[in-house]
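# Understanding the architecture of this molecule
The primary structure of each chain is shown beneath.
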Amino acid sequence: MHKEYMSLKKIEGPLIVIEGVEGVSYNEMVEIKVQGETKHGKVVQLNNDLAIVQVFENTSGMSVNNISVKFTGKSLEIKLSREILGRMFNGIGQPIDGGGPIFSGIKLDVNGSPINPVARRYPRNYIQTGISAIDTLTTLIRGQKLPIFSGNGLPHNQIAAQIVKQAKVAEGEGDFAVVFAAMGIKHDDAHYFIKTFQEAGVLDKVVMFMNLADDPVVERIVTPRCALTAAEYLAFYENMHILVIMTDITSYCEALREISAAREEVPGRKGYPGYLYSDLASLYERAGMVEGSKGSITQIPILTMPNDDITHPIPDLTGYITEGQIVLSREIYQRNIYPPINILPSLSRLMKDGIGEGYTREDHPDVANQLFSSYSRVQEVKALSQVIGEDELSEIDKKYLEFGEAFEYRFLRQEFNENRDINRSLEIAWDILSILPKNELDRINPKFLDAFYRG
Amino acid sequence: MEGSAGRVVYVNGPVVKAKNMKNFKMREMVTVGEKKLIGEVISIDEDLGTVQVYEETTGIKIDDEVVSTKKPLSVTLGPGIVGNIFDGIQRPLNIIFDKSGNFIKEGIGLATIDKTRKWYVEFKVKVGDVLKEGDIFGTVDETPLVKHHLMVPPYIQGKVVEVKQDGEYEMETVLVKLDSGAELKMYQEWPVRIPRPVKERLPIQKPLITGQRVIDTFFPIAKGGTAAIPGGFGTGKTMTQHQLAKWSDADIIVYIGCGERGNEMTEVLEDFPKLIDPTSNLPLMNRTILIANTSNMPVAAREASIYTGITIAEYFRDMGYNVAVMADSTSRWAEALREISGRLEEMPAEEGYPAYLPSRLAEFYERAGYVKTLNGKEASVTIIGAVSPAGGDFSEPVTQNTKRFVSAFLGLDRKLAYSRHYPAINWLSSYSGYITQLEEWYKQNVADDMIFLRGEMMKVLQEESKLLETVKLVGEDVLPDQQRLILEIARLLKVGYLQQNAYHKEDTFVPLDKQYMMLKVVDNFYRLAREAVKVGVPISVIKSSELFYRIIKMKYEIPNDYKNSFDLLMSDINEYFSNLIREYEGD
């Protein structure tokens, strides 16, 4: 069955073509021995007796006749047990922290299977992150996938780190752990995260899968799948609450494009393969909660928008799959505001069912709505004042400018170490909303206006 | 059997090619490999056949068998469909759940509605009756809301020679025998890619009442019509579709979640059984059918899910029901076409989509219609398709081609969504081609001047957008009061009328007569305010009146069974302005 093949027909970039194969199945794993070194690959196309194999490590040093190829008959599986907590793996799930292999436990296919919608539990419990803009306006719900849309040089790593530090995912309800998937990020970014996990005292609760910027590109395709398989194991077998941080999705998509080009596939938008949507969905849709398990998977993927363009295919397709997005703005950051969240394009689709009476506070939905509406008016007033000058603005418009200023500097801005609970955030929201006259607050139930409006 | 099997020679994602396929038919359903994955023949080239596989193809080997099922991709139509949730090829998800647990594994094989379940059949025919295609021979109470009519399948007729007595039967029991030899059971099968026949197509006559003000008043959708809802991510497509599925006055809703989020389907599954239909006081799930192919489920089944949904819709239409199909999102379906086309190495047209995209879209939307069914009833299929344009840009091929085949276009706007104006339907870029056809209906069933008022209010919104251009440059204060009044009335309309709160008990669904009264109030206020401004009342006085606030809040404060609340508001408005005008004229 496991016949070895000693020669190749063709080597091209990350792909090798083997001739004369028998009994090979689609998507199965391949072991390739080159001068004593073992590399791994995956069958990506079968055509009569030709098999096209995508090699995870790089193909340099290979020649058509210095190698031996063995088909394993299985797709890529990783070994999992509770021992993975606190460990570090490379992009294809091999330990790289010198702690030796994972013994015992079970083996799972990294490709996973789609969750049956009938088996899902609808996410309703909110996670308090301690960041006002997120808790109040784009509430994170346990089991949600909520990406951060960022740009190069913006503090997305800090925000993710602050969420990990402050998120009260765990309290009283089962174990909490973080699964961290690094895809093509820089060494210093990776160190930053390790340092933060250390400082937050959660390092022994973190599983890391590292494919850094100089690691093989093809391996990057498997990295998030290994990480999510580990997350599924911890959530659904060990009943833990898992926060998955995947960074940077943009590098992942570029790896996908590189391989697609090598395979000479028909390209879609901007050269990305036509199946980019389905491929991203096969990652993001692995968030959630299922019947019969207490655990949950919450995803915070981070992506850097090329050229800060939200209509670029990567953020665009991501936004269509994820349950909202947190969008960072360079302009706000330059005004020395951290976290520089632009709340207008930001959104949490699941917050509607996880806030308000019985979850956060009864006035929360109205307050959020009003903040969005008023802050959007602020943008119009700002545009107008740039044309006619601030002095010429009407009284009410001046109030809006004042509100906008207060929103950004009192509500939005907070320290990296500042942990505000939801009541505190809502109180600040009422403080600044009260700058506006009462009758401008048309999104708020009069009942709450009477109770909370200052003055 | 062995001899007729094809042999796999090529695998690439969902596309499998096999040789020895000479005896296979185009569009025939087949099983592939040891796991018996389900697929469909999509091209035949001499001995070589191409199969698109509806399940994950991991593990398929060269030389695996491709076995014919001797029939095209079909759905099983009978009791047990309503209230159920299916995957793209009509396999019930709870049966898949029983077989493979929380995660969907491949190789489950074909499954369909539960054929072992017994249903109580009431017969409508006796021995000697002559039946023709489409005739109803019995009924089953499928859910408290839906009476399932058992029909003679198309192309079958004859005289009844044997009929069972009223009672409980399993699906496979022969209920009626005809002299033509045909045996009628509780279910029939129908290939999904072929529209079910009707007697004739009738012109559009009635609106699909959705209870959503911006749709019913400004951009109505007709029963038997087609509508598209395009919008970038986060603009509320799914939200709008859910609202329509909840509140529109169709008898049956078919909701196709095509390449969308798993949690959204779960939300429907959790919410709908709790939501109560306003007319029957029964849970809405009793009239809802869900088709789910979430974005991580196999892409080929996504292509099929649209056809599965529309075929089920046509079947219920044939019983005489008004059916509404929500397809969310047709872009994912188009992308599935593109993905398969790419793997087939077909020549791509615009943006990589296959050249046959427009004809596929046309075929789909043309299956909507207001018809006379084979058994002579008036019934309809309405299609409402969400479109997810890449980058929110409406000039991309799917939106553009969809526009050609739909009559109502409800464009969602990112800017409105950012300011949380929901539903974020842009009143300037949207249109409905049904207004002239429905005018008569509105006149007879709502009010003579409903369509006229709609026109007046559209004018206000149109003028506002022009004025806003000026305001952007010079500010609002410099405009004359007549024009500032338009801005204020537009604000009334936007906040008090167009915005509708899906989570508010009263506001989530608003009956047409209340919509009309609200419109009438705004119009009355506008006319009187215009007169007041003419005699010199400053706009700031009108704007700060308490009435302004009351009109904005009337959607919440005045209940749907408003009784005399509107008369009261109306007379308050009249009194306020007559006092005001007298005061200023007196000067």
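What follows deals with the overall build of chain B. Check the secondary structure of chain B and you find 16 helices and 26 strands. In summary, chain B has a C-alpha radius of gyration of 28 Å against a globular reference of 25 Å for 587 residues, a match within 12%. By the burial criterion, 63% of the 587 residues in chain B qualify as buried. Of the charged side chains in chain B, 71 are positive and 82 negative; the average position of the first set lies 2 Å away from that of the second.

Its 25 residues place the ends of helix H9 (residues 364-388) of chain A 36 Å apart at the C-alpha level, agreeing with the 36 Å of an ideal helix rising 1.5 Å per residue. Directly after H9 of chain A, the chain includes Gly389 of chain A, whose backbone phi takes a positive value near 85°.

With that out of the way, let us pick up the confidence of the model for chain A. When pLDDT is averaged along chain A, the result is 91, and 98% of the positions lie at 70 or above. No element of chain A has a lower mean pLDDT than strand E1 (residues 4-5) of chain A, which averages 86, and none a higher one than strand E13 (residues 148-150) of chain A, which averages 97.

The next subject is the packing of aromatic side chains. Each pair of aromatic rings is reported with the distance of its centres and the angle of its planes. Inspection of the entire model under this criterion finds 31 aromatic pairs over all chains. Centre to centre, the rings of Tyr192 of chain A and Phe193 of chain A are 6.0 Å apart; their planes meet at 75°, and the pair counts as edge-to-face. Residue Phe193 of chain A is classed as buried on the basis of its relative accessible area of 0%. Geometrically, the ring pair formed by Phe218 of chain B and Tyr497 of chain B is edge-to-face, given 6.0 Å between the ring centres and 85° between the ring planes. Here Phe218 of chain B, found in helix H2 (residues 213-218), pairs with Tyr497 of chain B, found in helix H12 (residues 481-498); they are 279 residues apart in sequence, far enough to count as distant.

With that out of the way, let us pick up the confidence of the model for chain B. Residue and element names in this part refer to chain B. Averaged over every residue, the pLDDT of chain B is 92; the share at 70 or more is 99%. Of all secondary-structure elements in chain B, the lowest mean pLDDT belongs to helix H14 (residues 539-543), at 88, while strand E23 (residues 369-372) reaches the highest, 97. Prediction confidence for the complex, expressed as pTM and ipTM, is 0.92 and 0.89 respectively.

Moving on: a nonpolar patch on the surface. A contiguous nonpolar patch, built from Val387 of chain A together with Leu473, Val474 and Val478 of chain B and spanning about 360 Å² of accessible area, is present on the exposed surface. Within the secondary structure layout, Leu473 of chain B lies in helix H11 (residues 450-474). With a relative accessible area of 54%, Leu473 of chain B lands in the exposed category.

This brings us to the interface of chain B and chain A. If you look at the interface, chain B gives 79 residues, while chain A gives 75 residues. For the pair chain B and chain A, the number of links is three salt bridges. Across the salt bridge formed by Arg491 of chain B and Asp442 of chain A, the nearest N and O atoms sit 3.5 Å from each other. The dominant element in the side of chain B that touches chain A, judged by the number of residues it contributes, is helix H4 (residues 262-271) of chain B, at eight residues. Split into classes, the residues belonging to the side of chain B that touches chain A amount to 29 nonpolar, 26 polar and 24 charged. Here strand E5 (residues 37-47) of chain A runs beside strand E1 (residues 6-12) of chain B; their pairing, made up of two bridges, is antiparallel.

Residue and element names in this part refer to chain B. Note on placement: His148 falls in strand E12 (residues 147-151). Owing to a relative accessible area of 0%, His148 belongs among the buried residues under this scheme. Here Glu142 takes part through its side chain, which lies 2.5 Å from a polar atom of the side chain of His148. With residues up to four places along the chain from it excluded, the contact list for His148 reads Gly78, Pro79, Gly138, Thr139, Val140, Glu142, Tyr315, Phe316 and Met319.

Within the structure shown, the criterion is met by 64 salt bridges over all chains. Of the charged contacts, one joins Glu285 of chain A and Lys145 of chain A as a salt bridge, the two residues approaching to 3.7 Å between their closest N and O atoms. Here Lys145 of chain A lies in the loop between strand E12 (140-141) and E13 and Glu285 of chain A lies in the loop between helix H6 (276-284) and strand E17 (296-304), a separation of 140 residues in the sequence. Asp507 of chain B is paired through a salt bridge with Arg213 of chain B; the nearest N and O atoms lie 3.0 Å apart. Placement of the pair is Asp507 of chain B in the loop between H12 and helix H13 (512-534) and Arg213 of chain B in helix H2, with a sequence separation of 294 residues. The burial state of Asp507 of chain B is the same as that of Arg213 of chain B; both residues are buried. Connected through shared salt-bridge partners, Arg361, Asp363, Glu427, Asp431 and Arg454 of chain A make up one network.

All names here are of chain A. Ordered in space as E9-E15-E14-E16-E17-E13-E18-E19, the eight strands form an open sheet in which the pairing is mixed. Each edge of the open sheet carries a strand with a single partner, namely strand E9 (88-90) and strand E19 (347-348). When strand E16 (residues 241-247) meets E17, the two strands line up parallel, connected through seven bridges. Considered in E17, the bridge of His241 is made with Ser296.

Residue and element names in this part refer to chain B. An order of E12-E11-E9-E14 is seen for the four strands of this open sheet, with the pairing classed as antiparallel. Of all strands in the sheet, those with a lone pairing partner are E12 and strand E14 (167-170), marking the two edges. With strand direction ignored, the average angle separating the axes of adjacent strands in the sheet is 40°. Bridging between strand E9 (residues 118-123) and strand E11 (residues 136-141) involves three bridges; their strand directions are antiparallel. Among the inter-strand pairings, Glu122 is bridged to a residue of E11, identified as Thr139.

On to the side chain of Arg414 of chain B. Looking at the element boundaries, Arg414 of chain B is found in helix H9 (residues 414-418). Among buried Asp, Glu, Lys and Arg side chains, Arg414 of chain B stands out as unpaired, with Asp316 of chain A the closest opposite charge at 4.7 Å. When sequence neighbours within four positions are dropped, the list of residues in contact with Arg414 of chain B reads Ile310 and Thr311 of chain A together with Gly232, Phe233, Thr235 and Gly391 of chain B.

Together, Glu390, Asp391, Glu392, Glu402 and Glu405 of chain A together with Asp477 of chain B give the surface a local cluster of negative charge. Counting through the fold element by element, Glu392 of chain A comes out in the loop between H9 and helix H10 (395-412). Residue Glu392 of chain A is classed as exposed on the basis of its relative accessible area of 55%.

Scoring rules and cut-offs
Residues numbered from 1 in each chain as written. Chains lettered and ligands numbered in written order. Predicted model: local features only at pLDDT ≥ 70, side-chain atom pairs only at ≥ 80, totals over all residues. Heavy atoms only, no water. Helix = DSSP H or I, 4+ residues; strand = E, 2+ residues; numbered from the N terminus. Rg over C-alpha atoms; globule rule 2.2 N^0.38 Å. Buried < 20%, exposed > 50% of the residue type's maximum accessible area, 1.4 Å probe, protein only. Lys, Arg positive; Asp, Glu negative; His and termini not counted. Charge placed at Lys NZ, Arg CZ, Asp CG, Glu CD. Expected span 1.5 Å × (residues − 1). pLDDT = per-residue confidence, 0-100. Phe/Tyr/Trp six-rings, centres within 6.5 Å; stacked < 30°, edge-to-face > 60°. Patch = residues over 30% accessible without salt bridge, like charges linked within 9 Å, V, L, I, M, F, W, Y side chains within 5 Å. Areas by Shrake-Rupley, 256 points an atom, 1.4 Å probe, with all protein chains shown as cover. Salt bridge = Lys/Arg side-chain N within 4 Å of Asp/Glu carboxyl O. Contact = heavy atoms within 4.5 Å. Nonpolar A, V, L, I, M, F, W, Y, C, P; charged D, E, K, R; others polar. Pairing = 2+ DSSP bridges. Polar contact = N/O pair within 3.5 Å; in protein donor to acceptor, adjacent residues only side chain to side chain. Axes fitted to C-alpha atoms, helices over the stretch in contact; angles between N-to-C directions.

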